[in-house]
Amino acid sequence: MATPPSFRAEQLTFADCRVLSFQLGRPGVPLPATEDVAGFSFTFTTQQGVDFTSAVIRVELHAVIEARLREENQPLVPVGEIRTETYFQLSGIEALAIQQPDGSQALPEIVGATALGLAFSTSRGLLLSLSADSLLRQAYLPVINPLQLLRSGQPTPPAAQ
């Protein structure tokens, strides 16, 4: 049996990134004062897609941000969210493609996790840029395990900051 080719991160080239939506606060919910916020909680969802013909990977990331107030026993307060879409070109996609039992193609999990980690980091910078003069300037997206987020396929448990 032939050894499958190994993936190298350098095979991914950043192609594009877009902010699909950014929202500070929620309609009808006043933002808390900065001094009243003890920290933030994050919930992430992600979707990925691959166009094998054009060798493009698309990663969509959605982060919902809630504030934990200093006063005990208060519910989390929604303070913002960001949805981004990041595209990568993948060289050597033909050699990495895996034929699935149903006839579809897939890529090794490490390719998706690497693309997701890069998209997450890019989204972190976009959030910081968009929220520079707001309460969210303190809401740094946490370090995550992209493989765990990729495998979950579901929203992650809120990550505290």
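Provided above is the structure to which this section pertains.
About the cut-offs
- Residues numbered from 1 in each chain as written.
- Predicted model: local features only at pLDDT ≥ 70, side-chain atom pairs only at ≥ 80, totals over all residues.
- Heavy atoms only, no water.
- Helix = DSSP H or I, 4+ residues; strand = E, 2+ residues; numbered from the N terminus.
- Buried < 20%, exposed > 50% of the residue type's maximum accessible area, 1.4 Å probe, protein only.
- Contact = heavy atoms within 4.5 Å.
- Areas by Shrake-Rupley, 256 points an atom, 1.4 Å probe, with all protein chains shown as cover.
- Lys, Arg positive; Asp, Glu negative; His and termini not counted.
- Charge placed at Lys NZ, Arg CZ, Asp CG, Glu CD.
- Core = buried A, V, L, I, M, F, W, Y, C linked by side-chain atoms within 4.5 Å.
- Salt bridge = Lys/Arg side-chain N within 4 Å of Asp/Glu carboxyl O.
- Phe/Tyr/Trp six-rings, centres within 6.5 Å; stacked < 30°, edge-to-face > 60°.

1. Considering the overall build of the protein chain
Then step 1. When you go through the protein chain residue by residue, the secondary structure sums to three helices and seven strands.
Then step 2. Overall, the protein chain is about 60 × 30 × 25 Å in size when its C-alpha atoms are taken along their principal axes.
Then step 3. The burial tally for the protein chain puts 34% of its 161 residues in the buried class.
Then step 4. Across the protein chain, contacts joining residues at least 24 apart in sequence account for 71% of those joining residues at least 6 apart.
Then step 5. Here the protein chain displays about 9000 Å² of accessible surface, and carbon together with sulfur accounts for 53% of that area.
Then step 6. The positive charge centre, built from 10 side chains, and the negative charge centre, built from 15, are 2 Å apart in the protein chain.

2. Things to note about the nonpolar core
Then step 1. If you look at the biggest cluster of nonpolar residues, it comprises 32 residues, and the most contacted ones within it are Phe40, Phe44, Ile57, Ile65, Val79 and Leu90.
Then step 2. For this core, the secondary structure elements donating two or more residues are β2 (37-51), β3 (56-69), β4 (77-90), α1 (93-96) and α2 (109-130).
Then step 3. Setting aside residues no more than four positions away along its own chain, Ile65 makes contact with Phe40, Ser41, Phe42, Val77, Pro78, Val79, Gly80, Leu127, Leu136 and Ala139.

3. Some remarks on the pattern of salt bridges
Then step 1. Inspection of the entire model under this criterion finds eight salt bridges.
Then step 2. The partner of Arg8 in a salt bridge is Glu10, with the nearest N and O atoms 3.7 Å apart.
Then step 3. On the basis of relative accessibility, which here comes to 48%, the residue Arg8 falls in the partly exposed class.
Then step 4. Relative accessible area serves as the criterion here: at 61%, Glu10 is assigned to the exposed category.
Then step 5. The salt bridge partner of Glu85 is Arg58, with a shortest N-O separation of 2.7 Å. Of this pair, Glu85 sits in strand β4 while Arg58 is found in strand β3, placing the two residues 27 residues apart along the sequence.
Then step 6. By relative accessible area, which is 8% here, Glu85 ends up buried.
Then step 7. Put simply, Asp16, Arg18, Arg58, Glu60, Arg83 and Glu85 are held in one network by salt bridges that share partners.

4. Concerning the packing of aromatic side chains
Then step 1. Under the counting rule described, the total for this entry stands at three aromatic pairs.
Then step 2. Aromatic pair Phe14 and Phe88: ring centres 6.2 Å apart, planes at 80°, arrangement edge-to-face. Taken as a pair, Phe14 in strand β1 (residues 12-24) and Phe88 in strand β4 lie far apart in primary sequence, 74 residues in all.
Then step 3. Ring centres of Phe44 and Phe120 lie 5.0 Å apart, and the angle between their planes is 70°; on these two criteria the pair is classed as edge-to-face. In this pair, Phe44 is assigned in strand β2 and Phe120 in helix α2, connecting sequence segments 76 residues apart.
Then step 4. Ring-pair connections join several aromatic residues into one group, and the members of that group are Phe42, Phe44 and Phe120.

5. Considerations on the environment of Ala95
Then step 1. Among the secondary structure elements, Ala95 is positioned in helix α1.
Then step 2. Judged by its relative accessible area of 48%, Ala95 falls in the partly exposed class.
Then step 3. For the pair Ala95 and Phe7, spaced 88 residues apart in sequence, the C-alpha to C-alpha distance is 9.4 Å.

6. Remarks on unusual backbone geometry
Then step 1. Its identity is not glycine, yet Ala55 carries a phi of approximately 60°, on the positive side.
Then step 2. Positioned with a positive phi, Asn73 is a non-glycine residue whose angle comes to about 60°.
Then step 3. For Asn73, the location among the structural elements is in the loop between β3 and β4.

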